[in-house]
Amino acid sequence: MGTASALPDIRQQVLLHAPVSKVWEIVSTAQGMGRWFMPSDLEATEGHEFILEAGPFGQSPCKVIEVKPEHKLSFRWGKDWTLTFELEEQPEGTQFTIIHSGWDADQLTEFGQAHAIVRERMEQGWALIVQKLAQEVQ
């Protein structure tokens with residue numbers, strides 16, 4: 001069980017009208033990720049450490065923690081968060097789920113902002129980012 005101050009994960013899901021192989025290429029490579037999320041030097045290799053270029057927030061250190069090619073990619077983001085991309089083949093394309101976990105009401109981000117405030121912003125932001133991904137794979 002989580003702590004009393006744990007906040008719910010952010011989950012966004014979208015059905016992408018593209019094969020899993022195409023979606024995987026866009027979500028698991030530095031070149032692909034830069035087109036819909038943030039520039040990075042991501043490699044889908046467990047243990048790979050990379051940097052997300054978070055615009056005005058600077059560089060965020062990340063580390064790949066799980067890779068199941070064409071199914072799942074998880075990485076630690078900064079000091080608190082885990083980001084997971086899940087792909088599931090469907091008759092109409094690919095069901096894509098993003099899970100942003102590690103939220104704690106008692107924690108501050110490395111930029112000194114309360115998780116509760118940032119989580120609210122990020123939940124809205126992810127909805128837009130997932131739509132950008134959908135446009136990218138069409």
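Look up a bit, the structure's there.
Quantities reported herein were computed from a predicted structural model and do not represent experimental measurements.

If you had to explain the pattern of salt bridges to someone new, which residues and values would you point to?
This structure, assessed with the given rule, holds five salt bridges. Between Lys79 and Asp80 there is a salt bridge, with its nearest N and O atoms 3.0 Å apart. Taking relative accessible area as the criterion, Lys79 reaches 42% and is therefore assigned partly exposed. Salt-bridge contacts for Glu123 lead to Arg119; the nearest nitrogen and oxygen are separated by 3.1 Å. Linking Glu123 with Arg119, this pair stays in helix α3 (residues 115-137), spanning four residues, or about one helical turn. Taking the relative accessible area as the measure of exposure, Glu123 reaches 31% and is therefore partly exposed. A network of salt bridges, in which partner residues are shared, links Glu66, Lys68 and Lys72.

How would you explain the pairing of strand β5 (residues 81-90) if you had to name every residue and give the values?
Across six bridges, the pairing between strand β4 (residues 72-77) and β5 is antiparallel. Across the sheet, the residue bridging to Lys72 is Glu86, located in β5. A loop of three residues connects β4 with β5, the two strands running antiparallel in sequence, and Gly78 in this loop sits at a positive phi of about 65°. Sheet topology note: the β5/strand β6 (residues 93-101) ladder contains nine bridges and is antiparallel. Bridging from a neighbouring strand, Leu83 pairs with His100 of β6.

Tell me what's going on with the packing of aromatic side chains, and back it up with residues and numbers.
Applying the stated criterion to the full structure yields ten aromatic pairs. Between Trp81 and Trp103, the aromatic rings sit 4.8 Å apart at their centres with planes inclined by 45°, giving tilted as the arrangement. Of this pair, Trp81 sits in strand β5 while Trp103 sits in the loop between β6 and α3; the two residues are 22 residues apart in sequence, bridging distant segments of the chain. An angle of 45° between the planes, with centres 5.7 Å apart, marks the rings of Phe85 and Phe96 as tilted. Here Phe85, found in strand β5, pairs with Phe96, found in strand β6; they are eleven residues apart in sequence, far enough to count as distant. Among the aromatic residues, those joined into a cluster by ring pairs are Trp36, Phe37, Phe50, Phe75, Trp77, Trp81, Phe85, Phe96, Trp103 and Trp126.

Explain α3 to me, using residue names and the numbers behind them.
End to end, α3 covers 31 Å across 23 residues, agreeing with the expected 33 Å (1.5 Å per residue, within 8%). Residues His115, Val118, Arg119, Trp126, Val130, Leu133, Ala134 and Val137 constitute the buried set of α3. Taken together, the buried residues of α3 touch β1 (10-16), α1 (20-27), α2 (30-36), β4, β5 and β6.

So what's going on with the side chain of Thr82? Residues and values would help.
Residue position: Thr82 is located in strand β5. Judged by relative accessible area, which is 14%, Thr82 ranks as buried. A polar contact of 2.8 Å, which involves the side chain of Thr82, links it to the side chain of Arg76. Aside from chain neighbours lying at most four places away, what touches Thr82 is Ile65, Phe75, Arg76, Ile99, His100 and Ser101.

Tell me about the pairing of β6, and name the residues and values.
For β6, a buried count of nine out of nine residues is recorded, marking the element as mostly surrounded by other parts of the structure. Hairpin remark: β5 followed by β6, antiparallel, with two residues in the connecting loop.

Quick notes on the rules
Residues numbered from 1 in each chain as written. Predicted model: local features only at pLDDT ≥ 70, side-chain atom pairs only at ≥ 80, totals over all residues. Heavy atoms only, no water. Salt bridge = Lys/Arg side-chain N within 4 Å of Asp/Glu carboxyl O. Buried < 20%, exposed > 50% of the residue type's maximum accessible area, 1.4 Å probe, protein only. Helix = DSSP H or I, 4+ residues; strand = E, 2+ residues; numbered from the N terminus. Pairing = 2+ DSSP bridges. Phe/Tyr/Trp six-rings, centres within 6.5 Å; stacked < 30°, edge-to-face > 60°. Expected span 1.5 Å × (residues − 1). Contact = heavy atoms within 4.5 Å. Polar contact = N/O pair within 3.5 Å; in protein donor to acceptor, adjacent residues only side chain to side chain.

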